[in-house]
There are 2 protein chains.
Amino acid sequence: MRLSRYRNAIIRLKALNFVRVFSDNLADAASVTAAQVRKDFSIFGIMGHRRGGYQVDDLLGQLSKILGKDKFQDIILVGVGNIGKALLHYPGFEKSGIRLVAGFDIDPAKYVADANIPILPLEKMHEYILTNDIKIGIIAVPDYASQQVLEMMKSAGIKGVLNFAPITLRESSDFVINNINLVTELENIIYFVKAADSARGK
Amino acid sequence: MRLSRYRNAIIRLKALNFVRVFSDNLADAASVTAAQVRKDFSIFGIMGHRRGGYQVDDLLGQLSKILGKDKFQDIILVGVGNIGKALLHYPGFEKSGIRLVAGFDIDPAKYVADANIPILPLEKMHEYILTNDIKIGIIAVPDYASQQVLEMMKSAGIKGVLNFAPITLRESSDFVINNINLVTELENIIYFVKAADSARGK
DNA sequence: TAGATTGTTAATCGATTAACAATC
DNA sequence: TAGATTGTTAATCGATTAACAATC
């Protein structure tokens, strides 16, 4: 799914006063090929003008619509530890139309009911999700707790999560899971750096 | 690169007292197919025993070696903001043999020279990398600074980075970059949840 | 019109899966 | 030996790229 990437590229190009772009420009800006841009767009029914490329504003509008950027997306966070706290204050979400509206934890020491983004007891999550019609969540709890938290979220009606627990949670057909394992990401880098090193005869 | 995943799976299986495993067990534990496990292993020269599967200890040893887990990997962090601070105290790295040895920032208010993990001025980075022979780094600076930080790291001899800045830094042939864009990850989830919603007739 | 760019089809590439001979 | 599992080859699948007719 490269649409987010195209959207970011378009925003940058718009900032440079581009009024229209060609698949070629977008390819450069998004680090893909021009053919890929045109193919992806055609899959999503985004049509340009032969010879005229794509109108920046029009394109931005269509991409934003597809990505749900036409309204704020409210999400919740479970696990207000190390990573959780950082996400709570990450300014990039708000900037992109994503609103982290509440955090949940089992540790009473973490509770802050009256904060800008309240930290609430995990027991309150189910009700909160229903009341506020939340569909997306972030899991930032220790590995041993993640599966259980996932089940709680599912049962309350959450439909997709971003998971930072170092366990690959499996997606099911009507539920989306995106796993980010910080250690694995680094291990991959370490592996490739090592491999490049040996290849050079180190 | 699924080797990290296999390694994690093996560690879990070992905890369950498995002494040997079949490609089938590993496939289940790592959420891949048995054929994929065997294929991946054969690419890396990991051989099992026909009819006997793979010895857990032997397999763990080989995977650890390939992934550089036989010794601690020292890495540095640039950008001690929101995300940076969380990574600085993330216990998962140390547990996995990854040692975050220093942080760097341009903001003097962030400096803590005598901490367990010192936070140093960015100007000191070049020297630090050379002196300590660091090969891997994490970038957690704002987008506008990321490219410049990357160049600084490259010029000092860093060979791979994990990048949290919301800009897709391009890899070159002898340099590995792994981009994690938190907003994009969430946007993808939002998109798929929306798509599933409409598919069900909203 | 001549030239340039799209949208799409066909060709290519790479990764996954199936299948099975080798063999313990 | 009979049965089970590997290692690998061949078949399948999906995604990327090339190419070009359509057309503005």
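Look up a bit, the structure's there.
This one's a predicted model, so the numbers in the text were calculated from it and none came from an experiment. (Residues numbered from 1 in each chain as written. Chains lettered and ligands numbered in written order. Predicted model: local features only at pLDDT ≥ 70, side-chain atom pairs only at ≥ 80, totals over all residues. Heavy atoms only, no water.)

Asker: Account for the pairing of strand S3 (residues 73–78) of chain B, naming residues and giving values.
Answerer: Regular strands have side chains that alternate between both faces of the sheet. Residues and elements named next belong to chain B. Counting buried residues in S3 gives five out of six residues, a clear majority hidden from the surface. Of the pairings in the sheet, the one linking S3 to strand S4 (residues 98–105) comprises six bridges and is parallel in character. The residue bridging Val-78 from the neighbouring strand is Phe-104, located in S4. (Buried < 20%, exposed > 50% of the residue type's maximum accessible area, 1.4 Å probe, protein only. Helix = DSSP H or I, 4+ residues; strand = E, 2+ residues; numbered from the N terminus. Pairing = 2+ DSSP bridges.)

Asker: Go over the packing of helix H1 (residues 3–15) of chain B against helix H2 (residues 23–30) of chain B with me, naming the residues and quoting the values.
Answerer: Residue and element names in this part refer to chain B. Contact pair H1 / H2: the axes reach a minimum separation of 9 Å and the direction vectors enclose 105 degrees. Between H1 and H2, the angle falls in the class roughly perpendicular. Across the interface between the two elements, Arg-5, Tyr-6, Ala-9, Ile-10, Arg-12 and Leu-13 from H1 touch Leu-26, Ala-29 and Ala-30 from H2. (Axes fitted to C-alpha atoms, helices over the stretch in contact; angles between N-to-C directions. Parallel < 35°, antiparallel > 145°, perpendicular 65-115°, else oblique. Contact = heavy atoms within 4.5 Å.)

Asker: Can you explain empty space enclosed by the protein? Please cite residues and give values.
Answerer: The full count for this structure, using the stated rule, is three cavities of 30 Å³ or more. The space that makes up the largest cavity amounts to roughly 70 Å³. Ile-83, Ala-86, Leu-87, Phe-164 and Leu-182 of chain A together with Ile-83, Ala-86, Leu-87, Phe-164 and Leu-182 of chain B together form the lining of the largest cavity. Breaking the lining of the largest cavity down by element, the ones donating at least two residues are helix H5 (82–88) of chain A together with helix H5 (82–88) of chain B. Looking at the lining of the largest cavity, its residues break down into ten nonpolar, no polar and no charged. (1 Å grid on protein atoms, 1.4 Å probe; cavity = no way out; pocket = protein on both sides within 12 Å on 5 of 7 lines; lining within 4 Å. Points joined across faces, edges and corners; volume = space filled by probe spheres on them. Nonpolar A, V, L, I, M, F, W, Y, C, P; charged D, E, K, R; others polar.)

Asker: Please provide a residue-by-residue account of the sheet that holds strand S3 (residues 73–78) of chain A, values included.
Answerer: All names here are of chain A. Taken in spatial order, the six strands of this open sheet run S5-S4-S3-S6-S7-S8, and their pairing is parallel. Each edge of the open sheet carries a strand with a single partner, namely strand S5 (119–121) and strand S8 (176–179). Within the sheet, the average angular offset between the axes of one strand and its neighbour, ignoring direction, is 25 degrees. Bridge analysis of strand S4 (residues 98–105) against S5 gives three bridges, and the strand direction is parallel. Residue pairing for S5: Gly-103 is matched across the bridge by Ile-119. With respect to the sheet, helix H8 (residues 143–156) is in contact with S3, strand S6 (136–139), strand S7 (160–163) and S8, its orientation differing from that of S6 by roughly 170 degrees.

Asker: Quick one: what's the story with the relation of the copies chain A and chain B, residue by residue and with numbers?
Answerer: Related by rotation about an axis and a shift along that axis, the two copies of the chain form a pair. With an RMSD of 0.0 Å, chain A superimposes on chain B once it is rotated by 180 degrees and translated 0.0 Å along the axis. Accordingly, the operation relating the two chain copies is best matched by a two-fold axis. Proximity to the rotation axis, assessed at the C-alpha, singles out Ala-86 of chain A in chain A; its C-alpha lies 3.0 Å from the axis. A symmetric contact is evident, with 100% of the interface residues of chain A recurring at the interface of chain B. (Least-squares fit on C-alpha atoms with pLDDT ≥ 70 in both.)

Asker: Give me the lowdown on the side chain of Ser-23 of chain B, citing residues and values where you can.
Answerer: All names here are of chain B. Here Ser-23 is to be found in helix H2. Looking at Ser-23, its side chain comes within polar contact range of the side chain of Arg-38, at 3.0 Å. Setting aside its immediate chain neighbours within four residues, Ser-23 contacts Ala-34, Val-37, Arg-38 and Tyr-54. (Polar contact = N/O pair within 3.5 Å; in protein donor to acceptor, adjacent residues only side chain to side chain.)

Asker: Can you tell me about the pairing of S3 of chain A, naming the residues and giving the values?
Answerer: As paired strands, S3 of chain A and S6 of chain A are joined by four bridges and run parallel to one another. Paired with Leu-77 of chain A across the strands is Ile-138 of chain A, a residue of S6 of chain A.

Asker: Let's hear about the protein's contact with DNA strand D: which residues, and what values?
Answerer: Close contacts around DNA strand D come from 20 residues, with Ser-23, Gly-48, Arg-50, Arg-51 and Tyr-54 of chain B the closest. A distance of 3.2 Å is found between a phosphate oxygen of DNA strand D and a side-chain nitrogen or oxygen belonging to Arg-2 of chain A. In the model, a base oxygen of DNA strand D is placed 2.4 Å from a nitrogen or oxygen of the Arg-50 of chain B side chain. Put simply, the parts of the chain that give the surface near DNA strand D at least two residues each are helix H3 (34–43) of chain A together with helix H3 (34–43) of chain B. Considering each element in turn, the surface near DNA strand D owes the most residues, four residues, to H3 of chain A. For the surface near DNA strand D, a count of residues per class yields four nonpolar, seven polar and nine charged. (Near = heavy atom within 4 Å.)

Asker: Residue-level account of the packing of aromatic side chains, with values.
Answerer: For any pair of aromatic rings, the description consists of the separation of the ring centres together with the inter-plane angle of the planes. Enumeration according to the criterion identifies twelve aromatic pairs over all chains in this entry. Residues Phe-41 of chain A and Tyr-54 of chain A carry aromatic rings whose centres are separated by 5.2 Å and whose planes lie at 80 degrees to one another, so their mutual orientation is edge-to-face. Of this pair, Phe-41 of chain A sits in helix H3 while Tyr-54 of chain A sits in strand S2 (residues 54–55); the two residues are 13 residues apart in sequence, bridging distant segments of the chain. Grouping residues by exposure puts Phe-41 of chain A and Tyr-54 of chain A together as buried. Between the aromatic rings of Tyr-191 of chain A and Phe-44 of chain B, the centroid separation amounts to 5.8 Å while the plane-to-plane angle is 70 degrees, which identifies the pairing as edge-to-face. (Phe/Tyr/Trp six-rings, centres within 6.5 Å; stacked < 30°, edge-to-face > 60°.)

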